[in-house]
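Overview (structure and organization)
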Amino acid sequence: MQASIPVRNGLVLLAFIASVPCGYIRQYYRKYSFMWFLLIHLPIPFIVLMRFAAGVDWHLIPYTLGGSLVGQVVGGGVKPWRKR
């Protein structure tokens, strides 16, 4: 089913919001460790469940993945910004 624009934007925003805390916590772990990978992939099942609950098709996956990626980057950049 084609999702309306507010539903699409809401899902991307929720993917972003779900990924920011994981990106923030991820910076405290050694790169490529188990916890580092876990924190990168932890929001994905939540995002998939949101997409199923909204009843949208697979065409929205790149947008929610992009929102999640931006959330990880923003969350990872919070610590250096706060230390200034």
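What you are looking at is a predicted structure, and each value in this text was computed from that prediction instead of being measured.

Calculation criteria
- Residues numbered from 1 in each chain as written.
- Predicted model: local features only at pLDDT ≥ 70, side-chain atom pairs only at ≥ 80, totals over all residues.
- Heavy atoms only, no water.
- Helix = DSSP H or I, 4+ residues; strand = E, 2+ residues; numbered from the N terminus.
- Buried < 20%, exposed > 50% of the residue type's maximum accessible area, 1.4 Å probe, protein only.
- Contact = heavy atoms within 4.5 Å.
- Core = buried A, V, L, I, M, F, W, Y, C linked by side-chain atoms within 4.5 Å.
- Phe/Tyr/Trp six-rings, centres within 6.5 Å; stacked < 30°, edge-to-face > 60°.
- Axes fitted to C-alpha atoms, helices over the stretch in contact; angles between N-to-C directions.
- Parallel < 35°, antiparallel > 145°, perpendicular 65-115°, else oblique.
- Left-handed = near helix turned anticlockwise from the far one by under 90°.
- Nonpolar A, V, L, I, M, F, W, Y, C, P; charged D, E, K, R; others polar.
- Lys, Arg positive; Asp, Glu negative; His and termini not counted.
- Salt bridge = Lys/Arg side-chain N within 4 Å of Asp/Glu carboxyl O.

1. What about the overall build of the chain?
- Each helix and strand in the chain was counted, giving five helices and zero strands.
- Reading the helices (α) and strands (β) of the chain from amino to carboxyl end gives α-α-α-α-α.
- Referenced to the eigenvectors of the C-alpha coordinate spread, the extents of the chain come out at roughly 45 × 30 × 15 Å.
- Burial statistics for the chain: of 84 residues in total, 26% are counted as buried.
- Sequence-distant contacts in the chain: of pairs separated by 6 or more residues, those separated by 24 or more amount to 75%.

2. Re the nonpolar core
- If you look at the biggest cluster of nonpolar residues, it comprises seven residues: Ala3, Leu11, Ala15, Ile47, Met50, Val56 and Leu60.
- Those elements that place two or more of their residues in this core are α1 (5-26) and α3 (43-54).

3. Quick look at the packing of aromatic side chains
- Under the definition given, this model contains four aromatic pairs.
- Taking the centre distance of 6.2 Å and the plane angle of 35 degrees together, the rings of Tyr32 and Phe37 count as tilted.
- A relative accessible area of 55% means that Tyr32 is categorised as exposed.
- The exposure class assigned to Phe37 is partly exposed, which follows from its relative accessible area of 39%.
- Relative to Phe37, the ring of Trp36 lies with its centre 5.2 Å away and its plane at 85 degrees, an arrangement referred to as edge-to-face.
- The rings of Tyr32, Trp36 and Phe37 are connected pair by pair, giving a single aromatic cluster.

4. Let's talk about the packing of α1 against α3
- It is the contact of α1 with α3, at a shortest axis distance of 10 Å, that shows an interaxial angle of 160 degrees. As judged from the angle between their axes, α1 and α3 are roughly antiparallel. The element α1 and its partner α3 pack so that their crossing is right-handed. In this structure, α1 uses Val7, Leu11, Leu14, Ala15, Ala18, Ser19 and Cys22 to contact α3, whose residues at the interface are Pro43, Phe46, Ile47, Met50, Arg51 and Ala54.
- In terms of residue class, the contact of α1 with α3 is made up of eleven nonpolar, one polar and one charged.

5. Considerations on the side chain of Arg51
- Among the structural elements, Arg51 can be located in helix α3.
- With no salt bridge to any partner, buried Arg51 finds its closest opposite charge in Asp57, at an N-O distance of 6.4 Å.
- In contact with Arg51, not counting residues within four places along its chain, are Leu11, Val56, Asp57, Trp58, Leu60 and Ile61.

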